[in-house]
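As a plain string of letters, each chain reads:
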Amino acid sequence: MTSLRVLSIATLFPDAARPNFGLFVEKSLRALAAQPGIELTVVAPLGLPPFPLSLHPRYRALRDLPHHEPWNGLSVHRPRFTLLPRFGTRRNPAQVAAAVLAAVDGQAFDVIDAQFFYPDGPAAMRVAAAYGLPYSIKARGADISHFGHDPASAPQLLAAAGSAAGLLAVSDAMRRDMAAIGIDAQKVTVHYTGIDRARFSPGDRADARRAIGMGDAPAILTVGALIPRKGQALVIEALPMLPDVHYWLAGAGEEEGRYRALASRLGVADRVHLMGPVANADLPLLYRAANAVVMPSVSEGLANAWVEALACGTPIVISDAGGAAELLTTPTAGRIAARTPDAIAAAVSAILDAPPAAEAVAASLGDRFDWDRNGRELAAHLARCAGR
């Protein structure tokens, strides 16, 4: 049987300047490339604004990245496209598609794979049309909850969904969200993320705390960007009802100053620890050190941090967002709480009063989240899209 030649388009993908950016996409594509009969080419377009905005420190490191490189066993192209921050939403898919076509000119493929719904999906539609090929798009969370409702992006997103040979979603809840904006749910296959059980596994909490310098006080943790959608402010507002509990925030973002001011105003600044970005390699230790991971997001697909925390034996307190109910199938794994400080405090208190065994928390995942399985399912899906 001839190989399946796959072109994956991924605007969320790690690079030397952003090693944690889209790491879950990289892992899924590595799992795909490991499947027999798969020839994979990855294009990770880099959006850079016009001069002089391109001189901003946020973009300076991206300018120096190679245009093509081997990356953890994958062949990755990194073409540039012109990005207009805040105002370029409508034109981004066409810009991405042009960059992809220039990067792979002369190569042959059997199917196009978009790893994010916008701008990757409409870009894949254009690339597939140029090649006369079928294509697939995966929905992950904000690509539907935001871009699926934004008038600047929704029409192109829906057009791409309508013409795709197949679609993927990170959870069944995400599949329902897609149907709610007019995407044919019959075309959508649920494709759960994976987890590296060799790294994300239960360990000794006291040892982890000593390594981090966390101390002995009860600790709750949020992993993710400091942005309003993630809901860290609600956790800070819950702290007055959780005496002695310390709150650790792993991540960076626009809300850092507001969170510091909020903690100071509530008199809990000494119990709020903003850690900044944490390397993926250090996350297992951080999860093990916490008594609970608390993430009251407005929206999610099925957050990787949820799965990673559970795999490390740490229960989670999450909002009823995305695939929350699909993940928390037993009280041992944690609680789904309303997005209010009172509800969050009550859920955290319940866990602290009767902490579950780490091994039981990890066992709640079963075998649903595995990178090899993720790769096999993605390969089979793309083969179906290609008519194999």
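In every chain, residue numbers begin from 1 and rise along the written sequence. It should be noted that, the model being predicted, local features are given only for residues of pLDDT at least 70 and side-chain atom pairs only at 80 or more, the latter also being counted only at that level, while totals for whole chains, interfaces and linings use all residues. Hydrogens and water molecules were not included; the side-chain quantities draw on all heavy atoms of the structure.

Before going further, it helps to examine the pattern of salt bridges. For this analysis, a salt bridge means a side-chain nitrogen from Lys or Arg found within 4 Å of a carboxyl oxygen belonging to Asp or Glu. In this structure the tally under the stated criterion is 13 salt bridges. For Arg 210, the salt bridge identified is with Asp 207, shortest N-O distance 2.3 Å. With a gap of three residues between them, Arg 210 and Asp 207 both fall in helix α8 (residues 205-212), about one helical turn apart. Each residue gets one of three labels from its accessible area relative to the maximum for its type: buried under 20%, exposed over 50%, partly exposed in between, using a 1.4 Å probe on protein chains only. Taking relative accessible area as the criterion, Asp 207 reaches 42% and is therefore assigned partly exposed. We note a salt bridge from Lys 230 to Glu 300, for which the minimum N-O separation is 2.8 Å. You can see Lys 230 sitting in the loop between β11 (219-223) and α9 (232-238) and its partner Glu 300 sitting in the loop between β14 (292-295) and α12 (304-311), a full 70 residues away along the chain. No difference in accessibility class separates Lys 230 from Glu 300, as the two residues are buried. Put simply, DSSP H or I for four residues or longer makes a helix, DSSP E for two residues or longer makes a strand, and each gets a number counted from the N terminus.

Take the residue count of a helix, subtract one, and multiply by 1.5 Å to get its expected span. An ideal rise of 1.5 Å per residue puts 16 Å on twelve residues; helix α3 (residues 92-103) measures up with 16 Å between its terminal C-alpha atoms. For α3, the full list of buried residues reads Asn 92, Pro 93, Val 96, Ala 97, Ala 99 and Val 100. On an axial view of α3, the arc spanned by its buried residues comes to 165 degrees, and they lie on one face. Pairs of residues are marked as contacts when any of their non-hydrogen atoms sit within 4.5 Å. The inward-facing, buried residues of α3 contact β1 (4-9), β2 (38-43), β6 (80-82), α4 (120-131) and α6 (154-163). Taking the helix axis as origin, the arc is that swept by the directions to the C-beta atoms.

Attention now moves to the packing of aromatic side chains. Centre distance within 6.5 Å is the pairing criterion for rings of Phe, Tyr and Trp, where only the six-membered ring of Trp is used; planes under 30 degrees apart are then read as stacked, over 60 as edge-to-face, and the remainder as tilted. Applying the stated criterion across every chain yields a total of four aromatic pairs. Taken together, a centroid distance of 5.7 Å and an interplanar angle of 75 degrees make the contact between Phe 109 and Tyr 131 edge-to-face. Of the two residues, Phe 109 is situated in the loop between α3 and β7 (111-114) and Tyr 131 in helix α4; the sequence distance between them amounts to 22 residues. You can call Phe 109 buried: its relative accessible area is 6%. Accessibility expressed as a relative area gives 27% for Tyr 131, which makes it partly exposed. Only when the NZ of Lys or the CZ of Arg is both within 6 Å of the ring centre and within 35 degrees of the ring normal is a charge said to sit over the ring. Taking the ring centre of Trp 71 as reference, the NZ or CZ of Arg 78 above it sits at 5.0 Å.

Examined against the element boundaries, Arg 140 turns out to sit in the loop between β8 (135-139) and α5 (142-145). His is not counted, nor are the chain ends; Lys and Arg add positive charge and Asp and Glu add negative charge. Asp 143 provides the closest opposite charge to the buried, salt-bridge-free Arg 140, at an N-O distance of 6.0 Å. Under this definition, polar contacts are N or O atom pairs within 3.5 Å; protein pairs additionally need one hydrogen-donor-capable and one acceptor-capable atom, and for neighbouring residues in sequence, both atoms have to be side-chain atoms. Reaching out from Arg 140, the side chain makes a polar contact with the side chain of Gln 115 at a distance of 2.5 Å.

Attention now goes to the sheet that holds β14. One bridge is not enough; two strands pair if DSSP finds at least two bridges between them. Across the sheet, which stays open at both edges, the six strands sit in the order β13-β12-β11-β14-β15-β16 with parallel pairing between neighbours. If you trace the sheet from one side to the other, it starts and ends with β13 (272-276) and β16 (334-336), each paired once. Shown here is a sheet whose adjacent strand axes are inclined to one another by a mean of 20 degrees, direction ignored. The pairing of β11 with β14 spans two bridges and is classified as parallel. Each residue of the ladder has a partner; that of Ile 220, found in β14, is Ala 292. Here the axes come from fitting lines to C-alpha atoms, over the contacting stretch only for helices, and the angles between their N-to-C directions go from 0 to 180 degrees.

Attention shifts here to the pairing of β1. Across the six residues of β1, five count as buried, placing the element largely inside the fold. Pairing of β1 with β2 involves six bridges; the strand directions are parallel. The partner of Ile 9 across the bridge, within β2, is Val 43. By convention a crossover is right-handed if, when the strands point away from the viewer, the path from the first strand over the helix to the second runs clockwise. Handedness of the crossover is the feature at issue here: the chain leaves β1, passes through helix α1 (residues 23-33), returns alongside β2, and the resulting connection is right-handed. Two elements, β1 and β7, share four bridges in a ladder whose sense is parallel. Residue pairing across strands places Ser 8 opposite Asp 113, the latter belonging to β7.

Structurally, Asn 304 is set in helix α12. Between the alpha carbons of Asn 304 and Ala 97 there is a distance of 28 Å; along the sequence they are 207 residues apart. Excluding its chain neighbours within four sequence positions, the residues that come into contact with Asn 304 are Phe 24 and Thr 193.

Our next topic: the nonpolar core. Nonpolar core, defined: a set of buried Ala, Val, Leu, Ile, Met, Phe, Trp, Tyr and Cys residues in which side-chain atoms within 4.5 Å join the residues together. Residues Phe 117, Met 178, Ile 183 and Tyr 287 are the most contacted members of the largest nonpolar core, which totals 77 residues. Ranked by the residues each element gives to this core, the list is headed by α12, at six residues.

Turning next to the packing of α4 against α6. Working note: a packed helix pair is described by the angle between its axes plus the distance between those axes. Where α4 contacts α6, the two axes come as close as 8 Å, and the packing angle between them is 55 degrees. With respect to α6, the element α4 is oriented oblique. Viewed along their axes, α4 and α6 form a crossing whose handedness is left-handed. Of α6, the residues touching α4 (which contributes Gly 121, Pro 122, Met 125 and Arg 126) are Gln 156, Leu 157, Ala 159, Ala 160 and Ser 163. Amino acid classes used here: Ala, Val, Leu, Ile, Met, Phe, Trp, Tyr, Cys and Pro are nonpolar; Asp, Glu, Lys and Arg are charged; the rest, including Gly, are polar. Residues belonging to the contact of α4 with α6 are distributed by class as follows: five nonpolar, three polar and one charged. By the definition adopted for this analysis, an angle is roughly parallel if under 35 degrees, roughly antiparallel if over 145, roughly perpendicular if from 65 to 115, and oblique otherwise. Here a crossing is called left-handed whenever its near helix is offset anticlockwise from the far helix by less than a right angle, and right-handed whenever the offset is clockwise.

Once that is clear, we can look at the environment of Ala 279. Structurally, Ala 279 can be placed in the loop between β13 and α11 (283-289). The exposure class assigned to Ala 279 is partly exposed, which follows from its relative accessible area of 39%. Taking the C-alpha atoms as reference points, Ala 279 and Gly 251, separated by 28 residues in sequence, lie 9.7 Å from one another.

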